[in-house]
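Observations on the model geometry
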Amino acid sequence: MNAQRLHPTAKRPTCTIRTLHTATLGITRATVGTLVLARAVDTLRITGVDRLTATRLAWVARLAGIRDLALGAGLLAAMTTGRDTTTWLWAGMIADAADVSVFATSTARGHLPPVIGTLMATAALGGVAAAAALTRTGPGE
């Protein structure tokens, strides 16, 4: 029999709503990061940047993509090994809160189209809210 090995301090995994939401958050973050890495120029173009500028600044989008991929993968790895996910949730929440600030400020200053900036800030705020809810619930909830 091939028993799954857990971290020595881990409890047996149970499928709860919290587990499902945490996995969804990790998968979503890793997917967004992967898409931004793979389509950095297109990601910047969505914000209204011309193709030449987007091509030159694609490395900036890739930094954000790498960040989200790492945070999502870290959260998922913590889950699958039975480790505490709180630190990963807080790290993602801090990154998303910074994104909300940047998107809102950029939109207010006219650097982002209002609809795009509002959508991006709202999506990042959703990440903050999702992670905050998960840090407030107990492990079995």
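Structural notes, computed from the coordinates. (Residues numbered from 1 in each chain as written. Predicted model: local features only at pLDDT ≥ 70, side-chain atom pairs only at ≥ 80, totals over all residues. Heavy atoms only, no water.)

**What about the nonpolar core?**
Note the cut-off: Grouping buried Ala, Val, Leu, Ile, Met, Phe, Trp, Tyr and Cys residues that are joined through side-chain atoms within 4.5 Å yields what is termed a nonpolar core. Only protein chains enter the accessibility calculation, which uses a 1.4 Å probe; a residue is then buried when its area is under 20% of its type maximum, exposed when over 50%, and partly exposed in between. Numbered from the N terminus, helices here are DSSP runs of H or I no shorter than four residues, and strands are runs of E no shorter than two. Contacts are assigned to residue pairs that have any heavy atoms within 4.5 Å of one another.
Judged by nonpolar contacts, Leu25, Leu75, Leu89, Met93, Val128, Ala131, Ala132 and Leu134 together constitute the single largest core of eight residues. If you list the elements that add at least two residues to this core, you get helix H5 (86–108) and helix H6 (114–136). Examining the composition of this core, we find that four residues originate from one element, H6, more than from any other. For Ala131, the contacting residues outside a window of four places in its chain are Leu25, Leu89 and Met93. Among the nonpolar cores identified, the runner-up in size contains seven residues, and Val36, Leu44, Ala54 and Ala61 belong to it.

**Focus on the packing of helix H1 (residues 17–38) against H6**
Worth spelling out the cut-off: Working convention: axes come from line fits to C-alpha atoms, limited for helices to the stretch in contact. Angles between N-to-C directions cover 0 to 180 degrees. Whether a crossing is left-handed or right-handed is set by the direction in which the near helix is turned from the far one by less than a right angle, anticlockwise for left-handed and clockwise for right-handed. For this classification, Asp, Glu, Lys and Arg are treated as charged, while Ala, Val, Leu, Ile, Met, Phe, Trp, Tyr, Cys and Pro are nonpolar and the rest, including Gly, are polar.
Axis separation between H1 and H6 bottoms out at 10 Å; the angle between their running directions is 145°. Seen from above, H1 lies across H6 with left-handed handedness. Facing Arg18, His21, Thr22 and Leu25 of H1, the residues of H6 in contact are Ala130, Ala131 and Leu134. A class-by-class count of the residues in the contact of H1 with H6 yields four nonpolar, two polar and one charged.

**Section: the environment of Ala78**
Inspection of the secondary structure puts Ala78 in helix H4 (residues 58–80). Taking C-alpha positions, Ala78 is 8.1 Å from Trp88, a pair spaced 10 residues apart along the chain.

**So, the side chain of Asp68**
What counts here: Here a polar contact is recorded for every N or O atom pair within 3.5 Å, except that within protein the pair must consist of a potential hydrogen donor and a potential acceptor, and residues adjacent in sequence are included only if both atoms are side-chain atoms.
For Asp68, the location among the structural elements is in helix H4. The buried category is assigned to Asp68, whose relative accessible area is 10%. Side-chain polar atoms of Asp68 contact the side chain of Arg29, separated by 2.7 Å. Within the local environment of Asp68, its side chain forms a polar contact with the side chain of Arg67, the two groups lying 3.4 Å apart. In this structure Asp68 touches Arg29, Ala30, Val32 and Gly33, once residues within four positions along its chain are discounted.

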